[in-house]
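Examining the three-dimensional arrangement
Chain by chain, the residues run as shown.
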Amino acid sequence: MRDLVPALERRRQQHLYRQRQTLGTPQGVEITVDGTPYLSFCSNDYLGLANHPALVRALAEGARRFGVGSGAAHLITGHSYAHQALEEDLAAFTGRPRALLFSTGYMANLGIASALLRRGDTLVEDRLNHASLIDAAQLSGARLVRYRHTDMDSLARRLSGVSSGDTLVATDAVFSMDGDCAPLADMQALCNRHDAWLLADDAHGFGVLGEQGGGWLKSQVGEGAANTVLMATLGKALGTFGAFVAGSDALIETLVQQSRTYVYTTATPPAVAWATRTALRLVREGDDLRTHLNELIKRFRTAAAQLELPLMASLTPIQPLQVGDAAMALGLGDALRRQGILAGVIRPPTVPEGAARLRITLSAQHTPEQVDRLLDVLGKSYREVMNAAS
Ligand code: PMP
């Protein structure tokens, strides 16, 4: 049996050791971690709904009406009225014929690929896709081919190279560690030309981007063609938990019949689905939240550019600073933490070698003053870390 300790030690020496921290407060912009208060810029709770009083009430009401645990998989007796009603709401909101709930986005991505593809088929992916899309290739048995990040010539070359079997092109709609967006209209046109499926993972766009928070896919291609599969998560902007897939009736029925990650797992608590119906209403009516969030994004980018911070090409609430070296990214994260600010330190293998970064996420709950405080601390700390390294 392999001794596990040396590999853990190597990871630590390479500054790649990951550590959990324990929240003592609900998710939000002012949180307590391991007993210390912080101003947080690292959740995906982009609209600040995770602890919204209306959601807390809806969750309690859901628990009273439907109980806490679902008690079974959807295909046994786990599929409650709360799940069914939410699926109908999501289908109406996305303008797609049907929607299907999955327990997590990770499982949804695995489930889509494994239902649509098999050995001999091809999964074509952006190089910077989320790990769940990459892992999906393994469960499906399909060949994995990757193209250069958002590069349509590279994608077209990959598609032309497929000579047999079915093809699924999969992309993050908003890239989780970069914050930039996939050119989905061009991708849909290419997929149409090559008779391929297109899977858009709108985990970070749904609720945040587009009219009424309809997401990046909808803002680019409207309701989309029948070969376009939408996956979005409910644990980010919607503030609850879970994920869904929306598409044609035939697609959803195929997932129900064949997705292993749908069939062989317990349905999410119905109370969570019930609370998500309220979250969806808040998202639909949340133009003020999105306007405020966009103002914060502009404020951050303008000041960060003046401070010559290494901004990336993102107009979304994900505003990473590309530091490069993992030890330096850790140093910058630690400097912020010492001054009461939390931001995500992202290192390989989550991002490519040499592309470590600070992942700053903005939320509609932040005030302009809080963003200014972040910028003040960042400006000084970034220079200190850079000077110490040179
Ligand atoms: N896709 C993307 C792009 C993500 O960022 C994430 C979550 N980090 C997922 C899928 C997985 O979603 P979940 O957390 O619901 O499993």
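Per an unreviewed UniProt entry, the chain carries the name 8-amino-7-oxononanoate synthase and comes from Thiogranum longum. Taken directly from UniProt, the Catalytic activity (unreviewed entry) text for the chain runs: "6-carboxyhexanoyl-[ACP] + L-alanine + H(+) = (8S)-8-amino-7-oxononanoate + holo-[ACP] + CO2".

Some remarks on the overall build of the chain
Scanning the chain from N- to C-terminus turns up 15 helices and 12 strands. A compact globule built from 390 residues would reach a C-alpha radius of gyration of about 21 Å, and the chain, at 21 Å, matches this within 12%. Going through the 390 residues of the chain one by one, you find that 54% of them count as buried. In the chain, of all internal contacts separated by at least 6 residues, the share reaching a separation of at least 24 is 71%. Carbon and sulfur atoms form 49% of the exposed surface of the chain, whose accessible area is close to 17400 Å². Computing the positive centroid from 38 side-chain charges and the negative centroid from 39, the chain places the two 4 Å apart.

Some remarks on the site of the ligand
G105, Y106, D201, H204 and K236 are the nearest of the 13 residues found near the ligand. In this structure, H130 approaches the ligand through a side-chain N or O atom, which is 3.4 Å from a nitrogen atom. Here a nitrogen atom of the ligand and a side-chain polar atom of D201 are 2.5 Å apart. Per-element tally for the shell around the ligand: the top contributor is helix 5 (residues 105–116), with 3 residues. When its residues are assigned to classes, the shell around the ligand shows 2 nonpolar, 8 polar and 3 charged.

Quick look at the confidence of the model for the chain
Here the chain averages 96 in pLDDT, while 100% of its residues score no lower than 70. With pTM at 0.96, the complex prediction returns an ipTM value of 0.99.

Focus: the packing of aromatic side chains
In this structure the tally under the stated criterion is 6 aromatic pairs. Pairing F93 with F206 gives two aromatic rings, centres 5.7 Å apart and planes at 80 degrees, and the pair type is edge-to-face. Note that F93 is positioned in helix 4 (residues 81–94) and F206 in the loop between strand 7 (197–201) and helix 9 (216–221), a separation of 113 residues in sequence. Both rings, one in F206 and one in F244, keep their centres 5.1 Å apart while their planes meet at 65 degrees; by these two values the pair is edge-to-face. In this pair, F206 is assigned in the loop between strand 7 and helix 9 and F244 in strand 9 (residues 243–247), connecting sequence segments 38 residues apart. Classification of F244 by relative accessible area gives buried; the value is 0%. Through a chain of ring-to-ring contacts, the aromatic side chains of F66, Y81 and W274 assemble into a single cluster. The ring of F93 is capped by K218, whose NZ or CZ atom sits 5.5 Å from the centre of that ring.

Here's the deal with unusual backbone geometry
The residue after P348, namely P349, is reached through a cis peptide bond having omega 10 degrees. A positive phi angle, near 55 degrees, is found at T150, a position not held by glycine. Along the polypeptide, T150 turns up in the loop between strand 5 (143–147) and helix 7 (152–160). Overall, the relative accessible area of 27% leaves T150 in the partly exposed class.

So, the pattern of salt bridges
All chains considered together, the criterion is met by 11 salt bridges. Put simply, D372 and R299 hold a salt bridge, and the shortest N to O gap is 2.9 Å. Taken together, the residues span a long stretch of sequence, with D372 in helix 15 (residues 368–389) and R299 in helix 13 (residues 287–306) at a distance of 73 residues. Classification of D372 by relative accessible area gives partly exposed; the value is 32%. Between D376 and K380 there is a salt bridge; the shortest N-O distance is 3.3 Å. Separated by 4 residues within a single helix, D376 and K380 lie in helix 15, roughly one turn from each other. With a relative accessible area of 43%, K380 lands in the partly exposed category.

Conventions adopted
- Residues numbered from 1 in each chain as written.
- Predicted model: local features only at pLDDT ≥ 70, side-chain atom pairs only at ≥ 80, totals over all residues.
- Heavy atoms only, no water.
- UniProt positions renumbered as here; feature names shortened; annotations may be inferred.
- Helix = DSSP H or I, 4+ residues; strand = E, 2+ residues; numbered from the N terminus.
- Rg over C-alpha atoms; globule rule 2.2 N^0.38 Å.
- Buried < 20%, exposed > 50% of the residue type's maximum accessible area, 1.4 Å probe, protein only.
- Contact = heavy atoms within 4.5 Å.
- Areas by Shrake-Rupley, 256 points an atom, 1.4 Å probe, with all protein chains shown as cover.
- Lys, Arg positive; Asp, Glu negative; His and termini not counted.
- Charge placed at Lys NZ, Arg CZ, Asp CG, Glu CD.
- Near = heavy atom within 4 Å.
- Polar contact = N/O pair within 3.5 Å; in protein donor to acceptor, adjacent residues only side chain to side chain.
- Nonpolar A, V, L, I, M, F, W, Y, C, P; charged D, E, K, R; others polar.
- pLDDT = per-residue confidence, 0-100.
- Phe/Tyr/Trp six-rings, centres within 6.5 Å; stacked < 30°, edge-to-face > 60°.
- Lys NZ or Arg CZ within 6 Å of the ring centre and 35° of its normal.
- Salt bridge = Lys/Arg side-chain N within 4 Å of Asp/Glu carboxyl O.

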